[in-house]
Amino acid sequence: MTPKKAMLIDLSLCVGCNACQAGCKEENGLPPSDEKYLSLTAYTALNKYNDLYVRRMCQHCDVPTCVSVCPVGALTKSGAGPVSYDGEKCIGCRYCLQACPFHVPKYEWSSTKPSIRKCKFCPNRIAKGLQPACAEACPTGATKFGDRDELLIEAAGRIKAEPGKYVSRIYGEQDVGGTSMLYLSPVPFEQLGFDSRLGKIPMPMLTMSALSKVPNVVSVGGVLLAGIWWITNRRAEVQAHESSLKKGKTQPQEDDE
Amino acid sequence: MRALKLPRLIGWRPIATTLILAGALAAVARFTLGLGATTNLSDEFPWGLWIGFDFLGIGLAASGFTIVAAVHLFHAEEYEPIVRPAILTAFIGYLLVVLVLIIDLGRPDHFWHPLVMWNPHSVMCEISWCLMLYTTVLSLEFAPILLEKFHIHSPIKWIHAVSLPFMIFGVLLSTLHQSSFGSLYLIVPNRLHALWYTPLLPVLFFISCIASGLSMIVLETLIFSRNGRPFLPTRLRANLAKAIALALAVYFVVRIQDLLSRGGFRDMTTLTYYSVAFWAELLIGFVIPFAMLLFEKVRISPTGLYSASLMVVLGFAFNRMNTAITGLEHYPSQTYFPSIIEIFIMLGITACGFCAFSFIAEHLPIFRIEESGNSHHQEALSGAQEPLFVSPECEDLRPT
Ligand code: SF4
Ligand code: SF4
Ligand code: SF4
């Protein structure tokens, strides 16, 4: 199995040059411009918080919410990490937009044959053994591509080496069950627009707890309904029977349902 | 059979025609210009009025399964006269919802994909399947009414023979997708306001659909009783009212208890955009009608029952729209109000539903007034003419 890939984004190293966004746009044939928020033309965007720059993109979650909600399986998670999208399957229900905890997928609202757009984690490049365009473009190493396990060790090492420089947390290590994008930050993540309420449990678990009851509802419910039908039916029959034959006769034959 | 007319709603026909035409135009615009140009939906607000309408339509059509279960599975035969109205309501409701869902899809041409591409982890996938299967069950339950009208009897017998498993299947499917509409939102605890988000969403959706579905049926029996004799005896109607009150009470207790146990007291009691919507929904749809239905006088009075049921339906609409819209807004920075085209499409489709209902109710034996004590006999035809879904045991399982 291919080892899980990831990117370590060290916000303390980011100088705000926007090379990642430029590289991404070139790779994906998008019109060049510096965008602050994710959009149809920005699969990654760079926003400034005081003197820190934060780049956003699809987190390529380990247990992706978008993949779990998509009714037709248009979104898939590969072993190496990328969450890919197949516009040929997509029905445009937009559940992925609604459900993604990071507000990542964007929709081609103005098209009559719309698709979803988001960062792809450059699967073609990864397959060829290259790094994603954004990581390659980064001049300072603020975005570093590698095996997830190794990057986690490295991130922990950086925190340990300079505890004053970082808050002691790797965002994405465990959030929503772990993501392929790992962030290090010198200030608490909440100040940088990261949602810290998401918790460690993958979001799809919330749905699974309900969906897993479906087989029970069907089997128990089916038996129960058939049983009630049989009992009430039998009661009516017995009543009719008893009233037709005035004296109590023995029960009618068991003729099963 | 007595001819039943819709209540004299002055100008109903021109209004309906206008709405349907406007809706059709709006639909043309939506398909030629795309969602972006015609709706107020956005990346921040990908679901809007139409999803709310779907919730509403499915919830109000819930009588289809509750009444079928009560009459044919639990043998509460005295309610037989409302089986057909309930099935018709459900059938029309589901067809409309499917229509709106397809209009809502970004790729309507791919609407059939869930049939062949499955994702068992997706609530949406489960709902698509349930909707499709249950609409099929409903068409089977509805078919005998149509066939009977045209005196085609052999399929009716055939349908009767398989009716029991199908009815059970239908009730199960309904239970599943009625609650699953609530499950859709389980995955957005970070977005849906705490006044509506709860792990119990599926349970709450299920309980409330029972109240609203029954209220819808009560409304229909009242409306269609006006010209002729009431086709459901007052006593039975009052019993339905009791069932509604019970469902309302259970809902209220579960909802409030759950909110309090999850620390929602402050959300409930501080005056905000959300708490106003929350209390509007609870008071109109649950508390006030429940209080009204406690009185025997209200339960047996047509006007009283009419108002109470109407409030339940309105409150229910509020509840679903709040879950689908208000609870997801970030007031005041990010709000959503449907575009005129979204509204017209919804109104047009609703008008289609009302027209279809009154047309079918007039031309097919849906509302049948009991002539004798037995609702089963109103046509001088053979046993195959028995009304919809007579349990098969009548023919072949009778003890000998
Ligand atoms: S960040 Fe959103 S779109 Fe990206 S994988 Fe996670 S859930 Fe899917
Ligand atoms: S919009 Fe497309 S990709 Fe997103 S959940 Fe719906 S079908 Fe799947
Ligand atoms: S991984 Fe690829 S698609 Fe994603 S932001 Fe980087 S360059 Fe763009």
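Cut-offs and rules
Residues numbered from 1 in each chain as written. Chains lettered and ligands numbered in written order. Predicted model: local features only at pLDDT ≥ 70, side-chain atom pairs only at ≥ 80, totals over all residues. Heavy atoms only, no water. Helix = DSSP H or I, 4+ residues; strand = E, 2+ residues; numbered from the N terminus. Buried < 20%, exposed > 50% of the residue type's maximum accessible area, 1.4 Å probe, protein only. Contact = heavy atoms within 4.5 Å. Pairing = 2+ DSSP bridges. 1 Å grid on protein atoms, 1.4 Å probe; cavity = no way out; pocket = protein on both sides within 12 Å on 5 of 7 lines; lining within 4 Å. Points joined across faces, edges and corners; volume = space filled by probe spheres on them. Nonpolar A, V, L, I, M, F, W, Y, C, P; charged D, E, K, R; others polar. Axes fitted to C-alpha atoms, helices over the stretch in contact; angles between N-to-C directions. Parallel < 35°, antiparallel > 145°, perpendicular 65-115°, else oblique. Domains from an automatic or database assignment.

## Remarks on the side chain of Asn47(A)
Residue and element names in this part refer to chain A.
Consideration 1: Assignment of secondary structure puts Asn47 in strand β2 (residues 45-49).
Consideration 2: On the accessibility criterion, Asn47 (9% relative accessible area) is buried.
Consideration 3: Dropping the residues within four chain positions of it, Asn47 is found in contact with Lys36, Tyr37, Leu52, Tyr53 and Val54.

## Looking at the pairing of strand β3 (residues 52-56) of chain A
All names here are of chain A.
Consideration 1: Bridge count between β2 and β3: five bridges; the pairing is antiparallel. For Tyr49, the partnering residue across the bridge sits in β3 and is Leu52.
Consideration 2: Linking β2 to β3, which pair antiparallel, is a turn of two residues; within it Asn50 sits at a positive phi near 50°.

## Focus on the layout of surface pockets
Consideration 1: Volume-wise, the second largest pocket comes out at about 940 Å³.
Consideration 2: As for the second largest pocket, its lining consists of 40 residues, and the residues nearest its centre are Pro101(A), Phe102(A), His103(A), Gly193(A) and Arg191(B).
Consideration 3: Broken down by element, the lining of the second largest pocket gets its largest block of residues, three residues, from β2(A).
Consideration 4: Across the lining of the second largest pocket, the residue classes break down as 20 nonpolar, eleven polar and nine charged.

## Things to note about the packing of helix α4 (residues 63-73) of chain B against helix α10 (residues 201-223) of chain B
A packed helix pair is summarised by two numbers, namely the angle formed by the two axes and the spacing between the axes.
Residue and element names in this part refer to chain B.
Consideration 1: It is at 8 Å that the axes of α4 and α10 come closest, and there the two elements cross at 85°. With respect to α10, the axis of α4 lies roughly perpendicular. Mapping the contact onto sequence places Ser63, Phe65, Thr66 and Ile67 in α4 and Phe206, Cys209, Ile210, Gly213, Leu214 and Ile217 in α10.
Consideration 2: Looking at side-chain class alone, the contact of α4 with α10 contains seven nonpolar, three polar and no charged residues.

## Notes on the domain arrangement of chain A
Where interface size is quoted, it is often the accessible area lost as the parts come together.
Consideration 1: We note that the domain assignment places domain 1 (5-209) and domain 2 (213-250) within chain A.
Consideration 2: When each unit is reduced to the centre of its C-alpha atoms, the spacing between domain 1 of chain A and domain 2 of chain A is 58 Å.

## Focus: the sheet that holds strand β8 (residues 143-147) of chain A
Residues and elements named next belong to chain A.
Consideration 1: Reading across the sheet, the three strands line up as β8-β1-β9 and stay open at both edges, with mixed pairing between neighbours. If you trace the sheet from one side to the other, it starts and ends with β8 and β9 (181-184), each paired once. Recorded for the sheet is a direction-independent mean angle of 25° between the axes of neighbouring strands.
Consideration 2: Note that strand β1 (residues 5-10) and β8 share five bridges and pair antiparallel. When the bridges of β8 are listed, Lys5 appears paired with Asp147.
Consideration 3: Strands β1, β8 and β9 of the sheet are contacted by helix α6 (residues 148-161), whose axis makes an angle of about 130° with β8.

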